[in-house]
Amino acid sequence: MTGKTYKTKGIVLRKTKLGEKDLIVTMLDESGSLRRAVAKGARKPGGSYAARLELFSIADVMCAEGKSLDVITSAKLAPGSAQAGFGIEQSACASGLAELLSLVAQEDLPHDRLYLMACAAFREIAGSDARNALKLTCSALLKTFAYTGFRPSFHNCVSCGEPAIADVDSHVMFSIADGGSYCTSCSRPSDCIRVEAETIRWSDALMRSRFEDVVTYDASLQTLFAVLQLLQQWSRVHVGKNLKSLDFIFSSGLF
């Protein structure tokens, strides 16, 4: 039996099978909170929810409160939803952002800035080519970490605050566990990995830049993959999860 009803809007991040016909829909709602609700009959052929709760779309939904999970009673695509623009490369990139958001956003913890950033990111990814989609994903993942308390320190030493200058081989000592770069005076080899200075510079730039500027940057595919590899390690340590969507990007050959 369900309780009172309410309206909300959110980005569809994940859909999980429930029973033979239903889906659990995970959304980042407009407050920036994570919300999970059941869409009953959503997996039936010709079901009314099929085109209204697509991944990465923004949906206006009506929900009824339930005992364990709320129940979606109606749904429609919100104006400006980017769902129609996703090709296979764009979907692969968007999946990485959706996966991270579903891990770091929390129920009943509003974060409107996170929602606005995610809306912009999915919209830009949908309308971009494959290379730009990859750049935008790097930028959006970095911003997501920064907004949710896992911001890496790329430019300044995490120990003394001085600039983390590259060594003679153009590498920076970087500690995933400690939160970022070390200067040559403070670095502890047993705690650090050597990361190419170019990877550090691009990571910092992509984290700080607006999406409209990111698409103008001339970052090589090799550099973008190096940034994503660093972010995969970052997620593994600070979020406690390996991002399966990034593993797919690395191995798919799409880029």
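The structure displayed is predicted, hence computed values, not measured ones.

Draft legend 1. Representation of the sheet that holds strand β2 (residues 22-29) in the model. Strand order in this closed barrel of five strands is β1-β2-β3-β5-β4, and the pairing throughout is mixed. Within the sheet, the average angular offset between the axes of one strand and its neighbour, ignoring direction, is 55 degrees. The sheet strands contacting helix α2 (residues 112-126) are β1 (5-18), β2 and β4 (58-64), and the helix crosses β1 at an angle near 60 degrees.

Draft legend 2. Spotlight on the pairing of strand β6 (residues 171-175). With five of its five residues buried, β6 lies for the most part within the structure. By the alternation rule, side chains of β6 split into H171, M173 and S175 and V172 and F174, which are all buried. Two strands pair when backbone bridges link them, and β6 and strand β8 (residues 193-196) are joined in this way by four bridges, in the antiparallel orientation. Within β8, the residue paired with M173 across the bridge is R194. Of the pairings in the sheet, the one linking β6 to strand β7 (residues 180-182) comprises three bridges and is antiparallel in character. Looking across to β7, one finds that S175 is bridged to G180. What sits between β6 and β7 in their antiparallel hairpin is a turn of four residues, with G179 showing a positive phi close to 105 degrees.

Draft legend 3. Seen up close, the sheet that holds β7. In space, the three strands of this open sheet follow the order β7-β6-β8, with antiparallel pairing throughout. Edge positions in the open sheet fall to β7 and β8, since each of these has one partner strand only. Each strand of the sheet is rotated relative to its neighbour by a mean of 50 degrees, with strand direction disregarded. Across the sheet, helix α4 (residues 197-208) touches β6, β7 and β8, and the angle it forms with β8 is around 70 degrees.

Draft legend 4. How the structure looks around the packing of aromatic side chains. Applying the stated criterion to the full structure yields six aromatic pairs. Centroid distance F56 to F86: 5.1 Å. Interplanar angle 50 degrees. Geometry classified as tilted. Within this pair, whereas F56 is found in the loop between β3 (34-39) and β4, its partner F86 is found in the loop between β5 (70-77) and α1 (88-104), the two being separated by 30 residues in sequence. Here F154 and F174 contribute two aromatic rings whose centre-to-centre distance is 5.9 Å and whose plane-to-plane angle is 20 degrees, an arrangement assigned as stacked. Placement of F154 in the loop between α3 (130-147) and β6 and of F174 in strand β6 is noted, with a sequence separation of 20 residues between them. Here the two residues F154 and F174 agree in accessibility, since each one is buried. Joined through ring pairs, the aromatic side chains of F56, F86 and F122 make up one cluster.

Conventions adopted
Residue numbering note: each chain is counted from 1, following its sequence as written. Where totals are concerned, whole chains, interfaces and linings use all residues; where local detail is concerned, this predicted model gives features only for residues with pLDDT of at least 70, and gives and counts side-chain atom pairs only at 80 or more. Water and hydrogen atoms were dropped before computing side-chain values, which therefore reflect all heavy atoms in the structure. Criterion used throughout: strands pair if DSSP finds at least two bridges between them. Helix and strand assignments follow DSSP, with helices taken as H or I runs no shorter than four residues and strands as E runs no shorter than two, numbered in order from the N terminus. Axis definition: a line fitted to C-alpha atoms, limited for helices to the stretch in contact. Angles are taken between N-to-C directions and run from 0 to 180 degrees. By the convention used here, residues are in contact when the closest approach between their heavy atoms is within 4.5 Å. Classification of residues uses two cut-offs on accessible area relative to the type maximum, computed with a 1.4 Å probe and protein chains only: under 20% is buried, over 50% is exposed, and between them is partly exposed. Aromatic rings from Phe, Tyr and Trp, with only the six-membered ring used for Trp, were paired whenever their centres fell within 6.5 Å, and each pair was classed as stacked if the ring planes differed by under 30 degrees, edge-to-face if by over 60, and tilted otherwise.

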